[in-house]
Amino acid sequence: MLSFIEEPSIWDRLPEETRPVVLYGMGDGALKILDACRQKGVRVQGIFASDNHARGNEFAGFRVKKLADMEAEFGDFIILLCFAAFREDLLEQLYRIGQRHELLAPDVPVFGEGLFDQAYLDAHSGELETVYHLLADEQSRRVFRHVLNFKISGKPSYLREAETPKSEVYEGILRLSGDEDYYDLGGYDGDTVQEFLSETCGKFRSITVLEPDEKNFRKLERAAASFPDGNIRLVQAASWVKDGSLPFCGKAGRSSFLGEGGKTLAPVRSVDSLADGNRVSFLKMDVEGAEAETLLGAAETIRRYRPKLAVSAYHRNEDLFRLPLLIHELCPEYRLFFRHQPYIPAWETNLYAVL
């Protein structure tokens, strides 16, 4: 067992819990957590939603109630959070609820199978230990410890203690210049390009943006009308190991993804193909679980130009160790950093690699 894990697994705790267990929220997250509870022998006794969403409707066989209804019925109970939160007002609301009742946020993967339980932690402790000792600064090691403790325990306090502002990433790690050849993989509606331009005062050498979802791509094209003049290329495709086409599930939002359940085919491109031997100086990827394949498709570019990397590390259970180990294999000279921006669950836990 890793020496810095401070908590027992939530999935070992909950089956022994004597207090009622209730879910907060509906939708895909609630269905995943309900399924995990069934697998682990955890009895769920109710579901509640925010007051403006609790209208007595049914969800997964439960009548959806208000928090006050749960308090009147059960008194004390454990809450399992079933949705993601990043807005400051919502996070503060959740922390206030957590002062009245124990609130946990079970870690279920966005993509892939299995749970980050004690067995999973034990099976991958060697890889996690290796990554921990590869990290370049104490803040990265702190984030790594706290995120792992959150994932095993479900306690949001660990994430709160791991937070740093995005400005610290730009100022202390990436340190972008006005001469970047920037590749934005997962461009959505152009918001991350705008963030990049804000950090470089609108200066750049070139920008390439990939976005596979048709509706998102139209938003990206409209946003591009406000970008500064220059060498900007928009590509309607997803990133992958090699060029081709793959099944795609378009949701006209941030959660569109490549996968077998997709009803359409989307073009896929590798960074090496797109770059065609040309310089890439900053490579950002938030590609809904395809980060490892995207890194493999950028291997030649990474080895040749060693671009600054910003990689989402929260879509799959294995991302916390597989992605840094892969980057280290591609370029051992990289310094590796983890940072976490305000979010429950451990989304917006990102990996950065710089020379």
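Here, the structure is the one placed above.
Residues numbered from 1 in each chain as written. Predicted model: local features only at pLDDT ≥ 70, side-chain atom pairs only at ≥ 80, totals over all residues. Heavy atoms only, no water.

Caption draft 1: Up close: the environment of D243. Within the secondary structure, D243 sits in the loop between strand 10 (238-239) and strand 11 (244-249). A polar contact of 3.2 Å, which involves the side chain of D243, links it to the side chain of R269. At 2.6 Å, the side chain of D243 and the side chain of S273 are in polar contact. (Helix = DSSP H or I, 4+ residues; strand = E, 2+ residues; numbered from the N terminus. Polar contact = N/O pair within 3.5 Å; in protein donor to acceptor, adjacent residues only side chain to side chain.)

Caption draft 2: Seen up close, the sheet that holds strand 16 (residues 335-340). In space, the seven strands of this open sheet follow the order 9-8-7-14-15-17-16, with mixed pairing throughout. Each edge of the open sheet is held by one strand with a lone partner, namely strand 9 (232-235) and strand 16. Ignoring which end each strand starts from, the neighbouring axes of this sheet average 10° apart. Bridging between strand 15 (residues 308-312) and strand 17 (residues 349-354) involves four bridges; their strand directions are antiparallel. The partner of A310 across the bridge, within strand 17, is Y352. Those strands touched by helix 7 (residues 138-153) are strand 16 and strand 17, and its axis lies near 50° from that of strand 16. (Pairing = 2+ DSSP bridges. Axes fitted to C-alpha atoms, helices over the stretch in contact; angles between N-to-C directions. Contact = heavy atoms within 4.5 Å.)

Caption draft 3: Representation of the pairing of strand 5 (residues 78-81) in the model. In strand 5, alternate side chains face the same way, and those of I78 and L80 on one face and I79 and L81 on the other are all buried. Note: strand 1 (residues 21-24) against strand 5, four bridges, orientation parallel. By the bridge assignment, Y24 is partnered in strand 5 with L81. In this sheet, strand 6 (residues 102-104) lies alongside strand 5 in parallel orientation, the contact comprising three bridges. In the sheet register, L80 faces strand 6, and the bridge partner there is L104. (Buried < 20%, exposed > 50% of the residue type's maximum accessible area, 1.4 Å probe, protein only.)

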